[in-house]
Amino acid sequence: MELMQQRILSLEQARDTYFPKTGKPQPDSAAAPFGEILKYKTGLAENGTEELKFSKHASGRLQERNIELSTEQLERLQEGRAKAEAKGINESLVIVDRLAFIVNVPNNTVITAMEQSETEENIFTNIDGAVII
């Protein structure tokens, strides 16, 4: 019955309502404030910055290497990406503790992740900047 009462004007609206793209619950547009809906739609984090995404490759590497990021490490990684953006870096190496991440700054996406000890000779290629947090 609830489905009949809600106004769905397009297939896209129905898809987005019942099958959101992210794991986050979609705010009810009738009850949620505009700012909350805007943050949800644009992918903004609680602090107003865009959430860092992990590519399929990076997610696989984290899982393969049993790397689990703490909330504090994830915040520092986001901070490193923001600093790289402020300096005009496109492909950045961001080092957080003993973890190394290659981040595509314009797309806000972690491309790969590894422990520093895993890199042969500590050489990173195809980057135009590095941030050590």
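Please read all numbers here as calculations on a predicted model, not as lab measurements. (Residues numbered from 1 in each chain as written. Predicted model: local features only at pLDDT ≥ 70, side-chain atom pairs only at ≥ 80, totals over all residues. Heavy atoms only, no water.)

(A) Fine view of the pattern of salt bridges. As enumerated under the stated definition, the model contains five salt bridges in all. Look at the salt bridges and you will find they share partners, linking Glu 72, Arg 76 and Asp 97 into a network. (Salt bridge = Lys/Arg side-chain N within 4 Å of Asp/Glu carboxyl O.)

(B) Just unusual backbone geometry, in detail. A positive phi angle, near 55°, is found at Asp 97, a position not held by glycine. Counting through the fold element by element, Asp 97 comes out in the loop between strand S2 (91-96) and strand S3 (99-104). Since its relative accessible area comes to 40%, Asp 97 is described here as partly exposed. (Helix = DSSP H or I, 4+ residues; strand = E, 2+ residues; numbered from the N terminus. Buried < 20%, exposed > 50% of the residue type's maximum accessible area, 1.4 Å probe, protein only.)

(C) Summary view of the pairing of S3. Burial runs high along S3: six of the six residues are buried. The two faces of S3 match: Leu 99, Phe 101 and Val 103 on one face and Ala 100, Ile 102 and Asn 104 on the other face are all buried. The pairing of S2 with S3 spans six bridges and is antiparallel. From the neighbouring strand, Ser 92 faces S3, where its bridge partner is Val 103. Between S2 and S3, which follow one another and run antiparallel, lie two residues, and Asp 97 among them has a positive phi close to 55°. Note: S3 against strand S4 (residues 109-115), six bridges, orientation antiparallel. Each residue of the ladder has a partner; that of Ile 102, found in S4, is Thr 112. Joining the antiparallel neighbours S3 and S4 is a turn of four residues, in which Asn 108 adopts a positive phi near 55°. (Pairing = 2+ DSSP bridges.)

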